[in-house]
Amino acid sequence: MATNEFISTNFSTLGLTKTSFTCKAPSNIALVKYWGKEKDQIPKNTSISFTLSACFTVTTLVISENKNPNNFEVEVIFEGKKNEDFKPKISAFLERIITYCPYLKNYKLQIDTRNSFPHSSGIASSASGFAAIAHCIMQLEKQLNPNITTKHFIKKASFLARLGSGSASRSLEGEVVVWGNHPEIEGSSDLFGIKFPYKIHDNFKNYHDTILLVDKDEKQVSSTIGHSLMQNHPFAKQRFVQANENSTAIKNILQSGDLKEFINIVESEALILHATMMTSNPYFILMKPNTLKIINKIWAFRKTTNLPICFTLDAGANVHILFPEKDKIKINEFITKQLIQYCQNNSYICDRIGLGTK
Ligand code: DP6
């Protein structure tokens, strides 16, 4: 695969000894799920996501001179405190990207990061977290080589973010991102995410995602283990074919604005994700009783009102409720009156489709 274009060769570190770069990167929610990968986050199928806005990470990368380039130094600060827990994952990420960003060896790095959502909310911060770090690194690269284009900047930022966490490759841009090579989606690649390359129907403008926090505990299954379970999964082959078919379907729906079909594909993708976990070995059930209660309430409400509300799930018990801007008053009322009671400490986050990194 053509990874050479991401190796930075034309840079000068002369004169740049100490400075800092900041980025605010959003989380994203997959409509078609990424579940199954090869080494270095090469996905087994295409995934398509809505970029979010209220759930984000803000990261500042502080660089200072490193007198001993053979010794890579990084310090991680999370929510104002020195953090050793995230250090191994970040160090592994830096080792993975050093071929592409050799200038990093010249600096000591301090990564100071915080999330807009509580760490213990069951919302994964790896997507926004790695997107933010990758963007900061690209800001440094741009300083060392001002000739790089905006297009290359964002493409490489997504490429680097992917090497930290697959879904992070989808958190650089908005409002819809495609990651994973697909014959019917122009410019799509396994190496980086791209902005959805077609006009999106107005039905999806300001689309809402209200996240119901059903279970705030640490994930039972890390995504790395989850993805590896797809390797010997009896239904894997068919799942990857289906995900690519669903990507074609979502591609068409996003342009036509067909909300009925949107609901059908999005809910089906969420349930398939959980079905693959239930049918892997070892097997897991990540939904909680309240997850199912919420799903049933949504279905009943949709049946009686005909409003285009639907749900999706990540690899956990929390429920993302998706709905159009035009129906927000009635749907918000339904959520607060009938669903919040199923959340841990009545917690939920009102998010919506967003524009990407800043
Ligand atoms: C269920 O991106 O967290 O959220 O590449 O191992 O870091 P790694 O996995 P990660 O997987 C996300 C899986 C998912 C579906 C999705 O976001 O597409």
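Structure's up top.
Here goes a summary of the coordinates provided. Quick caveat, the model's predicted, so the values are computed rather than measured.

**Notes on the site of the ligand**
Right, on to step 1. Surveying the vicinity of the ligand reveals 17 residues, the closest of which are Tyr 34, Ser 165, Gly 166, Ser 167 and Arg 170.
Right, on to step 2. In the model, an oxygen atom of the ligand is placed 2.6 Å from a nitrogen or oxygen of the Ser 165 side chain.
Right, on to step 3. Here an oxygen atom of the ligand and a backbone polar atom of Gly 166 are 2.7 Å apart.
Right, on to step 4. Alone, the ligand offers 460 Å² of accessible surface; in the complex the protein occludes 94% of this.

**Things to note about the packing of aromatic side chains**
Right, on to step 1. A complete count under the given rule lists 16 aromatic pairs for this structure.
Right, on to step 2. Ring centres of Phe 6 and Phe 192 lie 5.9 Å apart, and the angle between their planes is 65°; on these two criteria the pair is classed as edge-to-face. One end of the pair, Phe 6, is in the segment before β1 (18–32); the other, Phe 192, is in the loop between β8 (176–179) and β9 (193–195), and 186 residues separate them in sequence. Considered together, Phe 6 and Phe 192 belong to a single accessibility category, that of buried residues.
Right, on to step 3. Considering the side-chain rings of Trp 299 and Phe 311, the 6.1 Å spacing of their centres and the 55° angle between planes classify their relative orientation as tilted. Of this pair, Trp 299 sits in helix α7 (residues 289–305) while Phe 311 sits in strand β11 (residues 310–313), and the two are twelve residues apart along the sequence.
Right, on to step 4. Put simply, the rings of Phe 6, Tyr 100, Phe 159 and Phe 192 pair up and form one aromatic cluster.
Right, on to step 5. Between the NZ or CZ atom of Lys 24 and the centre of the ring of Phe 56, over which it lies, the distance is 4.4 Å.

What counts, and at which threshold
- Residues numbered from 1 in each chain as written.
- Predicted model: local features only at pLDDT ≥ 70, side-chain atom pairs only at ≥ 80, totals over all residues.
- Heavy atoms only, no water.
- Near = heavy atom within 4 Å.
- Polar contact = N/O pair within 3.5 Å; in protein donor to acceptor, adjacent residues only side chain to side chain.
- Areas by Shrake-Rupley, 256 points an atom, 1.4 Å probe, with all protein chains shown as cover.
- Phe/Tyr/Trp six-rings, centres within 6.5 Å; stacked < 30°, edge-to-face > 60°.
- Helix = DSSP H or I, 4+ residues; strand = E, 2+ residues; numbered from the N terminus.
- Buried < 20%, exposed > 50% of the residue type's maximum accessible area, 1.4 Å probe, protein only.
- Lys NZ or Arg CZ within 6 Å of the ring centre and 35° of its normal.

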